[in-house]
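Letter by letter, the chains look like this.
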Amino acid sequence: MKLPTPYALGGTYYVETVSVGKQTDNETVRDCVVCGGHVYADDWHLVVGVVDTTGDRQRHHHCSDDCLTEWLTLMTAA
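What counts and how
- The numbering scheme is per chain: residues are counted from 1 as the chain's sequence reads.
- With the structure being a predicted model, the display of local features is reserved for residues of pLDDT at least 70 and the display and counting of side-chain atom pairs for 80 or more, all residues being used for whole-chain, interface and lining totals.
- In computing side-chain properties, one takes all heavy atoms of the structure into account and sets aside hydrogens as well as water.
- Only when DSSP finds a minimum of two bridges between them are two strands counted as paired.
- For helices the rule is a DSSP run of H or I covering at least 4 residues; for strands it is a run of E covering at least 2, with both sets numbered from the N terminus onward.
- For patch building, the residue pool is restricted to those with more than 30% relative accessible area and no salt bridge; the joining distance is 9 Å between like charges and 5 Å between nonpolar side chains (Val, Leu, Ile, Met, Phe, Trp, Tyr).
- Here, Shrake-Rupley sampling with a 1.4 Å probe gives the accessible areas, and only protein chains in the shown set may cover a residue.
- Salt-bridge detection follows one rule: a side-chain nitrogen of Lys or Arg within 4 Å of a carboxyl oxygen of Asp or Glu.
- Counted charges follow a simple rule, with Lys and Arg positive, Asp and Glu negative, and His plus the chain ends left uncounted.
- In this description, the location of a charge corresponds to atom NZ of lysine, CZ of arginine, CG of aspartate or CD of glutamate.
- The angle between two axes is taken between their N-to-C directions and runs from 0 to 180 degrees, where each axis is a line fitted to C-alpha atoms and a helix contributes only its stretch in contact.
- The span expected for a helix works out to 1.5 Å for each residue beyond the first.
- The cut-offs for exposure are 20% and 50% of the maximum accessible area for each residue type, with area from a 1.4 Å probe on protein chains only; residues under the lower value are buried, those over the upper are exposed, and the others partly exposed.
- Each direction from the helix axis to a C-beta atom contributes to the arc, which is the arc of those directions.
- Two residues form a contact once any of their heavy atoms are found within 4.5 Å.
- Side-chain atoms within 4.5 Å are what join buried Ala, Val, Leu, Ile, Met, Phe, Trp, Tyr and Cys residues into a set we call a nonpolar core.

(A) Fine view of the pairing of strand E1 (residues 2-10). Note: E1 against strand E2 (residues 13-21), four bridges, orientation antiparallel. Note that in E2 the partner of Gly 10 across the bridge is Tyr 13. Linking two consecutive strands that pair antiparallel, namely E1 and E2, is a turn of two residues; a positive phi of about 65° is found at Gly 11 within it.

Right under this line is the structure:
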């Protein structure tokens, strides 16, 4: 889901999209950027699209909504 207004993370980084999904029959495993737990592509997980105003785009995979909330809190702490 593309956010109507990008969420500022600080500096030149903004959350542009947030989605929940899974990819069937995909054996990809990633580490959660917060807790280091495993994020399996074929299991439900959260994906955040981050855009840099210089044009760079990143995708961050989170194993739970708690990890997403903690990540957003850490990224926006002043």
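And the narrative resumes.
(B) Representation of a negative patch on the surface within the structure. On the surface, Asp 25, Glu 27, Asp 42 and Asp 43 cluster together to form a negatively charged patch. Structurally, the position occupied by Asp 42 is in the loop between strand E4 (38-40) and strand E5 (45-52).

(C) Molecular detail of the sheet that holds strand E6 (residues 57-62). With respect to topology, four strands assemble into an open sheet ordered E1-E2-E5-E6, the strand pairing being antiparallel. The open sheet has two edge strands, E1 and E6, and neither has a second partner. Adjacent strand axes in the sheet meet at a mean angle of 35° when their direction is disregarded. In the sheet, E5 pairs with E6 via six bridges, with the strands oriented antiparallel. From the neighbouring strand, Val 51 faces E6, where its bridge partner is Arg 57.

(D) Region of the structure containing the pairing of E2. Bridge analysis of E2 against E5 gives eight bridges, and the strand direction is antiparallel. Within the sheet, the bridge partner assigned to Thr 17 lies in E5 and is Gly 49.

(E) Representation of helix H1 (residues 65-76) in the model. Helix length check: H1, at twelve residues, gives a terminal C-alpha distance of 16 Å against a target of 16 Å (1.5 Å per residue), a fit within 8%. Residues of H1 that are buried: Cys 67, Leu 68 and Trp 71. Looking straight down H1, one finds its buried side chains confined to an arc of 100°; they lie on one side. When the buried face of H1 is taken as reference, the exposed residues oriented beyond 90 degrees from it are Asp 65 and Asp 66. Packed against the buried residues of H1 are E1, E2, E5 and E6.

(F) View of the nonpolar core. In terms of nonpolar packing, the biggest core is built from eight residues, these being Leu 3, Leu 9, Val 15, Leu 46, Val 48, Val 50, Leu 68 and Trp 71. Broken down by secondary-structure element, the contributors of at least two residues to this core are E1, E5 and H1. If you tally residues by element for this core, the top one is E5, at three residues. When near neighbours in sequence (up to four residues on either side) are disregarded, Leu 3 contacts Val 15, Glu 16 and Val 18.

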